[in-house]
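Each chain is listed here by its residues.
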Amino acid sequence: MKAVAVYPARQAVGIADVAEPHIATPTEVKLRMLEVGVCGTDKDICAFAYGTPPPGQDRFVLGHESLGEVVEAGPGVADLRAGDLVVSTVRLPCPDANCAACRAGHYDFCMTGNYREHGIKGLDGFMTEFVVEDRHNLHPVARELREVAVLVEPLTIAEKALIEVREIQQRLHWDGGQQLAVVLGSGPVGLLGAMVLVNAGFETYVYSRSPKPNAKADVAEGVGARYISSEETSIDQMAEQVGNIDLIYEAAGAPQFAFEVLKHLGSNGIYVFTGVPRDQAPVEFDTERIMYNLVLKNQVVVGVVNAGRQAFDNAVRDIGVFAVRWPQALGAIITGRYPMEAFHDPVMGKAGGIKNVIEIGVRGRAQRAPRDEAAAVAGRP
Ligand SMILES: [Zn+2]
Ligand SMILES: [Zn+2]
């Protein structure tokens, strides 16, 4: 079967022939992959900034944002049947008996760093025709969500962030009324973050580079967030306009910009970092102001990486909520669908748009051609 394979030692990426996997234990499930989303992590892997093959191999299959269809379930799997849709967990726990986080099932908080991640670190990914995965690592998704379920995995980032925010906010023993959130960046992580925050009751602003009108601003405003361009409105002006910022959800990956905005976090505010910066030069920074605010305003700064079971459960639930509440805006996040052979432009970040998706197999493509065209037009900058 075909797969998009990365060869780190040779610094090569290409279509490879790999062996079709088969069910080997009773709790395994064989999946036909339908769609695999592409993100900045894939781009960094294909620039060979990171990415590790399974032990003893010189290559690994790319792709971690998956949507698959059950082909066959092992005899120990009672609740999945052929045709069911599932999204796979990306990270699997480390083997260390002393890693309390992994042993408790919270592998997204792994303390040894020896976790494995599909399509990223030590495990093959999902940009291939068939995958075998243990039932434990699969999250069933309703059939009606076929068009958007590939967004479940990127949505888990915001879901994990919201879980963390709610836990931190246990310290607020009063009703403060509607809270105010600013999302930095309007890529898929930022826009899905805006949806989660609006849905959770936050008055939400998306602060991102491009002036309106643009497709990302349309999605943000389509879900009831307000869009502010950083090219037109300075950080000071934005902060003035918004008021006491209770939550900043960073999804831009630009450290200088991110820390400039941190200066404007409000009283009792929480700042969530989700971006992973690369190759940024050191910058001068007003540490006094930040430290002063952190203490005198009871602020919390927290980073979140991928996601555990609860965040996946919440993402599966909320993608269904968003599909009913904002069908157009949710669908408009997916701006391009490419066959596996055309992986190059989306994976290398040359395809533009918001979220690009690799479609695996011809059957799926034929069903969805009209929607693809509409989405492509909407995403044209
Ligand atoms: Zn991703
Ligand atoms: Zn661990």
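These notes cover the structure that comes with them. Fair warning: this is a prediction, and the values are worked out from it, not measured in the lab.

## Describing the coordination of the zinc ion (ligand 2)
So, step 1. For the zinc ion (ligand 2), the protein coordination sphere consists of Cys94 (SG), Cys99 (SG), Cys102 (SG) and Cys110 (SG), at 2.3 to 2.4 Å.
So, step 2. Taken together, the 4 donor atoms surrounding the zinc ion (ligand 2) define angles of 104 to 117° at the centre, an arrangement classified as tetrahedral.
So, step 3. The sequence pattern describing where the donors of the zinc ion (ligand 2) fall on their chain is C-x4-C-x2-C-x7-C. Each member of the pair, Cys94 together with Cys99, is buried.

## Remarks on unusual backbone geometry
So, step 1. Backbone torsion omega between Lys212 and Pro213 reads -5°, so that peptide bond is classified as cis.
So, step 2. Phi at Gln11 is positive, roughly 50°, even though this residue is not glycine.
So, step 3. The residue Gln11 is located in the loop between β1 (2–7) and β2 (12–17) in this model.
So, step 4. Given a relative accessible area of 54%, Gln11 falls into the exposed group.
So, step 5. Positive phi outside glycine occurs at Asn268, with the angle close to 60°.
So, step 6. With respect to the element layout, Asn268 can be found in strand β16 (residues 265–273).
So, step 7. When its relative accessible area of 24% is taken as the criterion, Asn268 is described as partly exposed.

## What about the sheet that holds strand β4 (residues 60–61)?
So, step 1. One open sheet holds the 3 strands; their spatial order is β2-β1-β4, and the pairing between them is antiparallel. The sheet terminates laterally at β2 and β4, the two strands that pair on one side only.
So, step 2. Here β1 runs beside β4; their pairing, made up of 2 bridges, is antiparallel. When the bridges of β4 are listed, Val6 appears paired with Phe60.

## What to know about the nonpolar core
So, step 1. Counting 57 residues, the largest nonpolar core has Met195, Tyr249 and Val272 as its most contacted members.
So, step 2. The element that contributes the greatest number of residues to this core is helix α3 (residues 152–168), accounting for 8 residues.
So, step 3. If we ignore the near neighbours within four places in the chain, the residues touching Met195 are Val219, Val223, Phe322, Trp326, Ala329, Leu330 and Ile333.
So, step 4. Counting 34 residues, the second largest nonpolar core, distinct from the first, contains Ala16, Ile45, Ile120 and Val347.

## A short note on helix α7 (residues 255–262)
So, step 1. Among the residues of α7, Ala258, Val261 and Leu262 are the ones counted as buried. On an axial view of α7, the arc spanned by its buried residues comes to 110°, and they lie on one face.
So, step 2. Packed against the buried residues of α7 are β12 (180–184), α6 (235–242), β15 (245–250), β16, α8 (287–296) and β17 (300–303).

## A short note on the coordination of the zinc ion (ligand 1)
So, step 1. Here the zinc ion (ligand 1) is held by Cys39 (SG), His64 (NE2) and Glu65 (OE), and the distances to it run 2.1 to 2.2 Å.
So, step 2. Of note, the donors binding the zinc ion (ligand 1) are all from one chain and are spaced C-x24-H-E. Residue Cys39 is located in the loop between β3 (28–37) and α1 (40–46), and its partner His64 is located in the loop between β4 and β5 (65–73); the two are separated by 25 residues in the primary sequence.

Parameters and conventions
Residues numbered from 1 in each chain as written. Chains lettered and ligands numbered in written order. Predicted model: local features only at pLDDT ≥ 70, side-chain atom pairs only at ≥ 80, totals over all residues. Heavy atoms only, no water. Donors = N, O, S within 2.8 Å, 3.2 Å for Na, K, Ca; no water. Tetrahedral: all angles 85-135°; square planar, octahedral: opposite > 155°, others 65-115°. Buried < 20%, exposed > 50% of the residue type's maximum accessible area, 1.4 Å probe, protein only. Helix = DSSP H or I, 4+ residues; strand = E, 2+ residues; numbered from the N terminus. Pairing = 2+ DSSP bridges. Core = buried A, V, L, I, M, F, W, Y, C linked by side-chain atoms within 4.5 Å. Contact = heavy atoms within 4.5 Å. Arc of directions from axis to C-beta.

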